[in-house]
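Architecture at a glance
Given next are the chains, with one letter for each unit.
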Amino acid sequence: MNMVVLTKGVPDFREGQVSFDEDGHLERGETPTVMNPNDEHALEAALQTKVRQGGTVSVMSMGPPGYGDVLREAMESVYADDLYLLSDREMAAADTWATAITIATALEEMEPSPDLVFAGFKTADGETGHTGPQTCWAYGMPIVTHVVSLEIDPDEERLRAKRLVEGDIEEIETVETSLPAFVVADPEFEPSYRRAEHRLRHRDLREETRERAADHEEHMTVWDHADLNLDPDYIGLDGSPTVVSSVDPIPKAPAEREATMVDPERDEEMRQVFEEMAPLAGGE
Amino acid sequence: MTERERYEAVVVGAGPGGAAAAAVLARNDVETLVLERGVEAGSKNVSGGLLYAEESAPYAIDDLFSGFREAATERPVTDYYLHNLAGDRVETFDITDLHEHDTEWSDAVLRRKMDSWLAERVHELTRETGGGLLTGVRVNGLLREGGEIVGVTCDELDPIEADLVVAADGVNSELARDAGLMDWEEPEEWFQGVKAVVDMPEGAIDDRFGLDGDEGEAHLFSGDLFEDVRGGGFLYTNEGTLSIGTVFHLDSLVAEEAEPHELLDALLTHPLLARWLDDGYEELEYAAKLVPDSKKVAHPSPHEGRLVLVGDAAGQMQAQGPIIKGMNHAVTAGALAAEAFSEARSRNDPDAAGDLYERKLRDEGVMKKLCPPRYRAVRALAEHDPVTDVLDAVLESPVGRFGVRALGDRLETLYGSPFLSMMVPDTRTPYVTLPTVIAEELGERIGGENDVDPPDLADRIGDLTYDVDVGNPHIEVDDDSFAASGDAVTACPVSARDFGGGCYREETVRTNGDERTVVSLDTQPCVECGTCAVVADTDWEHPRGGKGVEFRQG
Ligand SMILES: Cc1cc2nc3c(=O)[nH]c(=O)nc-3n(C[C@H](O)[C@H](O)[C@H](O)COP(=O)(O)OP(=O)(O)OC[C@H]3O[C@@H](n4cnc5c(N)ncnc54)[C@H](O)[C@@H]3O)c2cc1C
Ligand code: SF4
């Protein structure tokens, strides 16, 4: 089983990490890049398949050279065998369409060709959820989205997945498809290791990966547009049909009111609060 | 459906018993899977603990794991004292000789460090056989086919078959209970151990005990400081911490309605302890667990079909007078069970392992230590209330007091007798009356103040780490009447009368003008000691793998 997990670096939107300028625009330079949080579920799905069926896992990402760290992080969590970085100026500023073309071409370039491709549900920055389906269309393989559990039958070359219908946890359907296939793991995805041998292999893989991740660059292949035989007109900014006309910052909450500190122990001050608030209670 | 998994041997529990069994099985090329419910081996375990390597035992732990003492233990015990207390009168006996009898070495240990180190070695050894060690997996029962034991069932894994199942799952062994080999009925068959691990400033242990780095001490305490509760206290030196605790007969705790944490506090705040502790007292961990009394529960035939019990699961915990030996016997039994299986297997008769194990326990003299035949005779006579009353009355009378004075120094020698220490009857006399009289007649007043201010129960619970299995309590009260389960309110080490933050609470419910006193249970603060499995009417199980309390010291 040859598997590829697609992952993306996104700004770390966690409190204390992310930084915005005065107009509310994200300051990319100031904000660290981390692995897209939803991709973790894709990694878990791939790892479960590797542990249960064996095989190799490659992690692929398109982005600037600095994404190496994101790939190392992914390597550690999925116990990946190797890493692919699609990186080149011509690929920059791509929309989902141009990204899909680039990734699909890279997947075709891989030897041996993948049986399963995994991706997370939506990225934290773009939030479109388009890249996966478009990549499948470009590559020509079936896609199963909102996957919460996964079984592979390697002999029959089929997968059976439980998926949320309309993204609703209350409604689950089971679908089957042939391989190769593209799996989008839902945040509700739960890996399941009910055999001791699986947990033992999981432990082995963790120990093996620790060494590999220490010099992850040894296991990383970087491809540019020339390696993939891609025409710069069809990728990156030039190949992107989407035009972002403008970005509206999220309006800041007006905070011009002035705060007054009161001591709750002092009746005089508390009376003031009461008097200020009493009219509001009356609906004024 | 996929095929059932099978291993030649499944070992349940990665304490000293399980580790020893697994190591010997692996060395004999038996494909061995070890299942441990804690997030890490040791995270569920508590001992005092002095680990003994006995000269007469066929196995010691450092024979099985080289480098064990350097990597996994604290200080060796180079001096051993017994303090008889009455008020602030103290008479101290040096019992180093008793301690050294049949002892090759003895080190203080902390279980998280020790067991997790052992588990790494065990995993390496067993992985070579095609098995390995998994944590976070709780075995919840025996797998049976046509009434025969063929493996185990787990919360986290599908059923697993095996030719040998080693129940090294400790006191409150769910497997021993499932097999009908042990029950959790009689409080007099158990002790309850409670322990605090106390942080000490850099260099303080050497300074205050007068030790030099690689020396260590053990101290035992008995007398009137625990009122009439039968049992005693201990203090052992670790590398940078002290283990201070108590071990009491469970039936006595229940009868006296004593609060375990208060008994521990009585020890911590005794004037004698002021030599070693001060107002900078800092408790790292409060923990508790039941301890079987081998004299009463060591199973003479600890096996059933493919199942063998080792260590606490088989009741193989010897209280040799004041000296407690459980870990070493668990190691010996685990290794003997493994040896028995390998031999039986090489004769193509793996099912004979149980009988062979039983024979080895007898031939190697283990059973004789656990259950001295003569103790039974002593017990028949001495553990009768009228006899105890007479003995106590005599001891406390001018005659007895004269006797104690006359014996004087020879008492120390008598206390140091390994033979006598095995015969000590479970009565008030040796635990309370005699030490008190000794201290009163021979002891000196020590005076002085003890400034230790131990944390209250709420803080002790607050300092523990829990991964609560929300909505899935592991203990349920079957009969909530106070008559059936009320003893747990005091005996549970994390509950107390008039304390709302513990596990067991006494409540009054009024229905239709009727008033009933009942107990209610909240398992969240539970330290999984097993006490309420015995003293209350409960449906008692361990939490699922990785859930519940996590000890960092043990
Ligand atoms: C306060 C106190 C002081 C003590 N002092 C001493 C002392 O000084 N010296 C001494 O030798 N002994 C002492 N003991 C006794 C000693 O701790 C035990 O006898 C010893 O730990 C028994 O070892 P064992 O391997 O049988 O069981 P344990 O060490 O209890 O190990 C059992 C293991 O099985 C695991 N387990 C349990 N159930 C399951 C399940 N269902 N599925 C998977 N895993 C499971 C547990 O998590 C644990 O790791 C003391 C005990 C206490 C409480
Ligand atoms: S609830 Fe039971 S098992 Fe838990 S700490 Fe209390 S007595 Fe021990």
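Note that the structure is a prediction, hence the values are computed from the model and not measured.

**Regarding the site of ligand 1**
Residue and element names in this part refer to chain B. Surveying the vicinity of ligand 1 reveals 38 residues, the closest of which are Glu36, Gly48, Leu50, Arg111 and Asp312. Relative to its unbound accessible surface of 1,000 Å², ligand 1 loses 98% to contact with the protein. Per-class residue counts for the shell around ligand 1 are 16 nonpolar, 12 polar and 10 charged. For the shell around ligand 1, the domains that each give at least three residues are domain 1 (5-74 + 110-182 + 299-370) and domain 2 (76-108 + 185-296 + 375-463).

**Observations regarding the sheet that holds strand 5 (residues 89-94) of chain B**
Pairing between the strands of a sheet is mediated by backbone hydrogen bonds and can be parallel or antiparallel. Residues and elements named next belong to chain B. With mixed pairing, eight strands are arranged side by side in an open sheet as 15-11-14-13-12-4-5-20. The open sheet has two edge strands with one neighbour each: strand 15 (282-292) and strand 20 (444-445). Looking at chain direction, strand 4 (residues 79-86) and strand 5 are connected through six bridges and run antiparallel. Bridging across to strand 5, Asn84 finds its partner in Glu91. Along the sheet face, helix 9 (residues 260-268) touches strand 11 (190-199), strand 12 (217-223), strand 13 (231-237), strand 14 (241-249) and strand 15 and points at about 130 degrees away from the line of strand 14. Most of the contacts of helix 19 (residues 428-442) go to strand 4, to which it runs at about 85 degrees, and overall it touches strand 4, strand 5, strand 11, strand 12, strand 13, strand 14 and strand 20.

**Looking at the site of ligand 2**
In the vicinity of ligand 2 there are 14 residues, among which Cys492(B), Cys526(B), Cys529(B), Gly530(B) and Cys532(B) approach most closely. Classifying every residue of the shell around ligand 2 by side-chain character gives 11 nonpolar, two polar and one charged.

**Comments concerning the domain arrangement of chain B**
All names here are of chain B. If you check the domain split of chain B, you get domain 1 (5-74 + 110-182 + 299-370), domain 2 (76-108 + 185-296 + 375-463) and domain 3 (467-550). If you look at the interface, domain 1 gives 14 residues, while domain 3 gives 15 residues. Where domain 1 abuts domain 3, roughly 1,100 Å² becomes buried across the two surfaces, and 40% of that area is made up of carbon and sulfur atoms. Our count for the domain 1 to domain 3 interface comes out at four salt bridges. Put simply, Glu528 and Arg37 hold a salt bridge, and the shortest N to O gap is 2.9 Å.

**Observations concerning the pattern of salt bridges**
All names here are of chain B. Applying the stated criterion across every chain yields a total of 56 salt bridges over all chains. Close ionic contact of Arg208 with Asp278 constitutes a salt bridge, the shortest N to O distance being 3.2 Å. Taken together, the positions of Arg208 in helix 7 (residues 204-209) and Asp278 in the loop between helix 9 and strand 15 put the pair 70 residues apart, joining distant regions of the chain.

**Some details on helix 16 (residues 398-407) of chain B**
All names here are of chain B. Within helix 16, the full set of buried residues consists of Gly400, Arg401 and Val404. Along the axis of helix 16, the buried positions cluster into a sector of 100 degrees, meaning they face one direction only. In this structure, helix 16 carries Pro398, Val399, Phe402 and Ala406 as exposed residues pointing more than 90 degrees from its buried face. Turning to helix 16, the residues buried within the fold contact helix 15 (385-396), helix 17 (409-415) and helix 19. Looking one or two residues beyond helix 16, the residue adopting positive phi is Gly408, at roughly 45 degrees.

The rules we used
- Residues numbered from 1 in each chain as written.
- Chains lettered and ligands numbered in written order.
- Predicted model: local features only at pLDDT ≥ 70, side-chain atom pairs only at ≥ 80, totals over all residues.
- Heavy atoms only, no water.
- Near = heavy atom within 4 Å.
- Areas by Shrake-Rupley, 256 points an atom, 1.4 Å probe, with all protein chains shown as cover.
- Nonpolar A, V, L, I, M, F, W, Y, C, P; charged D, E, K, R; others polar.
- Domains from an automatic or database assignment.
- Pairing = 2+ DSSP bridges.
- Helix = DSSP H or I, 4+ residues; strand = E, 2+ residues; numbered from the N terminus.
- Contact = heavy atoms within 4.5 Å.
- Axes fitted to C-alpha atoms, helices over the stretch in contact; angles between N-to-C directions.
- Buried area = accessible area lost by both parts, 1.4 Å probe.
- Salt bridge = Lys/Arg side-chain N within 4 Å of Asp/Glu carboxyl O.
- Buried < 20%, exposed > 50% of the residue type's maximum accessible area, 1.4 Å probe, protein only.
- Arc of directions from axis to C-beta.

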